Structures are given as C-alpha cells and as structure tokens.
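# Coordinates in review
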Amino acid sequence: MGDRAGRRGRGPIARLVVAALVAAGCMAGGVDQGEPQRPAPPRSGQPESQTTRADGTTSVAEFQRDIQDAVRLAEQYWAQQFRASGQRFTPIRRVVPYSREGEVTCAGQGLPRNNAVYCSAGDFIAYDVNWSVAAFRQIGDAFLFYLLGHEYAHGVQVRLGGRYDFTIQQELQADCMAGAYLGDSVRSGVLELEDGDLEEFREGLLAVGDDPDQPWFAEGSHGTAEQRSDSFFRGYEKSLGACGLG
Ligand SMILES: [Zn+2]
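The present account deals with the structure reproduced in this document. Quick caveat: nothing in here was measured; it's all calculated off a predicted structure. All residue numbers here refer to positions counted from 1 along the written sequence of the relevant chain. Only residues with pLDDT of 70 or above have their local features reported here, since the model is predicted, and side-chain atom pairs are shown and tallied only from 80 upward, although totals for entire chains, interfaces and linings are computed over all residues. Side-chain descriptors were evaluated using all non-hydrogen atoms of the structure, hydrogens and water having been removed beforehand.

### Considerations on the overall build of the chain
Working definition: helices are DSSP H or I runs of at least four residues, strands are E runs of at least two. Numbering for both runs from the N terminus. Broken down by element type, the chain carries seven helices and eight strands. Buried positions account for 50% of the 246 residues belonging to the chain. Put simply, 75% of the contacts in the chain that link residues at least 6 apart link residues at least 24 apart. Accessible area is worked out with a 1.4 Å probe on protein chains only. A residue is then buried under 20% of its type maximum, exposed over 50%, and partly exposed in between. By the convention used here, residues are in contact when the closest approach between their heavy atoms is within 4.5 Å.

### Here we look at helix α4 (residues 142-159)
Within an α-helix, residues lying three or four positions from one another point in the same direction, as the helix has 3.6 residues per turn. Here a helix's expected span is defined as the number of its residues, less one, multiplied by 1.5 Å. A rise of 1.5 Å per residue sets the reference length of α4, with its 18 residues, at 26 Å; its end C-alpha atoms lie 25 Å apart and thus fit the reference within 8%. For α4, a buried count of 16 out of 18 residues is recorded, marking the element as mostly surrounded by other parts of the structure. Downstream of α4 by a residue or two, Gly161 has a phi angle that is positive, lying close to 100°.

### Topic: the pattern of salt bridges
Put simply, a salt bridge is a Lys or Arg side-chain nitrogen that is within 4 Å of an Asp or Glu carboxyl oxygen. All told, the structure shown has six salt bridges when counted by the stated rule. Here Glu62 and Arg65 are joined by a salt bridge, their closest N and O atoms 3.2 Å apart. Residue Glu62 and its partner Arg65 are both found in helix α2 (residues 60-84); the two are separated by three residues, about one turn of the helix. Exposure remark for Glu62: the relative accessible area of 4% places this residue in the buried category. Of the charged contacts in the structure, one is a salt bridge between Asp175 and Arg228, with a shortest N-O distance of 2.7 Å. Residue Asp175 is found in helix α5 (residues 168-187), and its partner Arg228 is found in helix α7 (residues 225-238); the two are separated by 53 residues along the sequence.

### Section: the nonpolar core
Here the nonpolar core consists of buried residues drawn from Ala, Val, Leu, Ile, Met, Phe, Trp, Tyr and Cys, with membership extended through side-chain atoms lying within 4.5 Å. If you look at the biggest cluster of nonpolar residues, it comprises 49 residues, and the most contacted ones within it are Trp78, Phe143 and Tyr152. For this core, the secondary-structure elements that each account for two or more residues are α2, β6 (116-119), β7 (124-128), α3 (129-139), α4, α5, α6 (197-209) and α7. A total of ten residues in this core trace back to one element, the largest contributor, which is α4. Setting aside its immediate chain neighbours within four residues, Trp78 contacts Phe89, Tyr152, Val156, Met177 and Leu240. Formed by nine residues, the second largest nonpolar core is a distinct cluster that contains Tyr98, Cys106, Phe124 and Ala126.

### Description of the coordination of the zinc ion
Note that water is not among the atoms used; donors are N, O and S atoms within 2.8 Å of the metal (3.2 Å for Na, K and Ca), so sites may look incomplete. Looking at the zinc ion, the protein donor atoms are His150 (NE2), His154 (NE2) and Glu171 (OE), and they sit 1.9 to 2.1 Å from it. Going along the chain, you hit the donors of the zinc ion in the pattern H-x3-H-x16-E. Here His154, found in helix α4, pairs with Glu171, found in helix α5; they are 17 residues apart in sequence, far enough to count as distant. For the pair His154 and Glu171, a shared accessibility class is recorded, and that class is buried.

### Observations regarding the packing of aromatic side chains
Side-chain rings of Phe, Tyr and Trp (the six-membered ring for Trp) are treated as a pair once their centres are within 6.5 Å; stacked means planes under 30 degrees apart, edge-to-face means over 60, and tilted covers the remaining angles. What the rule picks out here adds up to twelve aromatic pairs. Between Trp131 and Phe143, the ring centres sit 6.3 Å apart and the planes meet at 80°, which makes this aromatic pair edge-to-face. With a gap of twelve residues between them, Trp131 in helix α3 and Phe143 in helix α4 connect regions that are remote in the sequence. The two residues Trp131 and Phe143 agree in class, both being buried. Ring geometry for Phe233 against Tyr236: centres 6.4 Å apart, planes inclined by 55°, an arrangement best described as tilted. Note that Phe233 and Tyr236 are positioned in helix α7 at a spacing of three residues, about one turn of the helix. Assigned by exposure class, Phe233 and Tyr236 land together as buried. Taken together, the ring pairs connect Trp131, Phe143, Tyr146, Phe232, Phe233 and Tyr236 into an aromatic cluster.

### Points about the packing of α2 against α4
Lines fitted to the C-alpha atoms define the axes, with helices restricted to the stretch that makes contact. Angles between their N-to-C directions range from 0 to 180 degrees. Relative to each other, α2 and α4 sit at 35°, their axes nearing to 9 Å. Note that α2 runs across α4; the crossing there is right-handed. Contacts between α2 and α4 pair Phe63, Asp66, Ile67, Asp69, Ala70, Val71, Leu73, Ala74, Glu75, Trp78 and Phe82 from the former with Leu144, Phe145, Leu148, Tyr152, Val156 and Arg159 from the latter. Among the residues forming the contact of α2 with α4, the class breakdown is 13 nonpolar, no polar and four charged. Should the near helix be turned counterclockwise from the far one by less than a right angle, the crossing is left-handed, whereas a clockwise turn marks it as right-handed. Under the convention adopted here, Pro, Cys and the residues Ala, Val, Leu, Ile, Met, Phe, Trp and Tyr are nonpolar, Asp, Glu, Lys and Arg are charged, and Gly plus all remaining residues are polar.

### Thoughts on the state of the cysteines
For the purposes of this analysis, a disulfide is any pair of cysteine sulfur atoms at a distance within 2.5 Å. Inspection of every chain in the model, using the stated rule, returns two disulfides. With a sulfur-sulfur separation of 2.1 Å, Cys106 is cross-linked through a disulfide to Cys119. Negative torsions about the S-S bond denote left-handed disulfides, and the value of about 90° found for Cys106 with Cys119 makes this one right-handed. Here Cys106, found in strand β4 (residues 105-106), pairs with Cys119, found in strand β6; they are 13 residues apart in sequence, far enough to count as distant. Overall, the relative accessible area of 17% leaves Cys106 in the buried class. Each disulfide pairs two cysteine sulfurs, and for Cys176 the partner residue is Cys243, the sulfurs being separated by 2.1 Å. Here the S-S torsion is close to -85°, and the disulfide linking Cys176 with Cys243 is therefore left-handed. Of this pair, Cys176 sits in helix α5 while Cys243 sits in the segment after α7; the two residues are 67 residues apart in sequence, bridging distant segments of the chain. Summarising the burial analysis for this pair, Cys176 and Cys243 share the class buried.

What follows is the structure, encoded as structure tokens:
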C-alpha cells in the first residue's frame with residue numbers, strides 16, 4: 001500500500017453502476033427533500049435497462065442521486081431479508097440532510113457537524129451534507145453506499161429488537177451489515193463494482209479514518225479503522241451470516 005496521506009485529494013475512486021430498480025411509489029422511507037439541494041428528477045417510468053451510473057463525477061446532483069440510490073437499495077435489501085424470514089419490514093422513516101450544528105436534533109440533542117447518525121428516537125437517518133459531499137469527493141461514490149448502509153443497519157438492529165446504544169460491537173456489526181448489503185447487492189446484480197474498487201475503497205477509508213476532523217470515523221465507540229474495515233469486508237464477502245445477528 002502506498003503512502004496513505006498521498007492518497008488524499010485523489011479523485012473519486014469507485015465506480016458503481018446501480019441497475020435500475022423498480023420505480024418509486026413504494027418509497028415510504030425515501031430521501032427527505034426539504035433541504036436546499038435540488039432533488040433528482042423522478043425516475044419512475046424509466047425502462048428497466050436504464051442504469052444509474054455513479055461514474056466518478058462529483059456534482060451535488062450526482063451526490064443526491066447516489067444518496068437516493070443507496071437508501072432505496074438498502075430498503076429493498078432489508079425488506080427482502082425480512083420477508084425471507086417471514087417478518088414485516090418497515091423502512092426507516094426519513095433521511096435528513098443538515099448543514100449546521102444543532103439544526104437537527106435527536107432525542108433533544110443537537111447533532112454535531114461532520115457526522116451521520118441513525119436516530120432511534122425518531123427513526124431517521126441524518127447526515128451533515130457538506131461533510132458527506134466532501135467525503136464523496138475524497139473517497140468516492142461507493143462511500144455513500146457504505147455510509148448509508150451503516151446507518152441503515154442501525155435501524156435494522158433496532159427492528160430486530162436490539163437497543164441501539166453505540167457500543168463498539170453494534171458499530172462493527174453495522175459495518176458488517178453494510179458490507180453484507182453491498183456484497184449481496186453486487187452478487188445479485190443490482191449493484192456493480194469495477195475491479196479494484198473495493199481495495200481502493202478500503203485504502204480510502206483507512207486514509208480518511210486517520211483524519212481527526214471527521215467524527216464519523218473517530219475511533220472509540222466505532223472501533224479502529226482497521227477493525228471497521230475488517231468487519232465491513234467480512235460482511236461483504238460472507239454475507240449476513242458473518243455478522244452475528246443471531
Ligand atoms: Zn454507527
């Protein structure tokens with residue numbers, strides 16, 4: 001592996017192709033569009049062969065589309081998993097972007113900048129949009145799928161009867177579940193990654209994980225960057241069975 005710091009500032013490293021999913025209409029937990037960013041145009045009615053190409057561009061519009069794709073893919077994935085085990089799945093209620101400290105609160109607590117969280121009190125995901133766009137540009141589009149996959153996994157942990165209390169075990173499990181969601185989506189052909197993307201993704205994550213200005217990557221409650229990366233790839237390669245969901 002090369003010098004980590006030297007990898008910073010590289011362009012997006014991941015290329016994802018999200019196969020067109022069944023049109024909207026069932027997106028009960030879709031992206032909250034109440035923020036300044038323009039929503040992507042509606043995708044319903046597009047032919048099935050249409051693909052969304054998260055092709056390394058770094059525009060806010062592309063970012064928005066990737067966020068929507070990641071949420072929709074996660075919803076679909078978990079709905080399928082629940083159905084397969086005879087359970088009903090309720091999508092996470094909302095995904096909310098924010099740009100100022102304290103703009104969004106969870107259980108009365110203002111959310112800090114440079115972060116993304118799942119708030120179990122309100123059953124929503126919130127993310128600092130400026131921080132997320134910066135990470136999107138620094139690491140690549142695959143990162144958004146990981147980020148949303150991780151936060152979505154916390155919602156699933158709660159749905160499975162867990163109490164979400166930020167333990168390292170829960171954080172690493174969420175990373176594993178995010179990996180399983182992405183790996184399974186690739187295996188089922190809903191999502192395509194290009195060769196080498198994952199390795200670059202891993203290196204990119206480790207590099208950003210060194211950056212103290214980014215709480216989402218902060219060690220402590222989340223585990224080290226290496227632990228997180230290991231959990232993610234365990235899930236990615238071995239699917240949910242490797243995530244200790246019991
Ligand atoms: Zn987490």
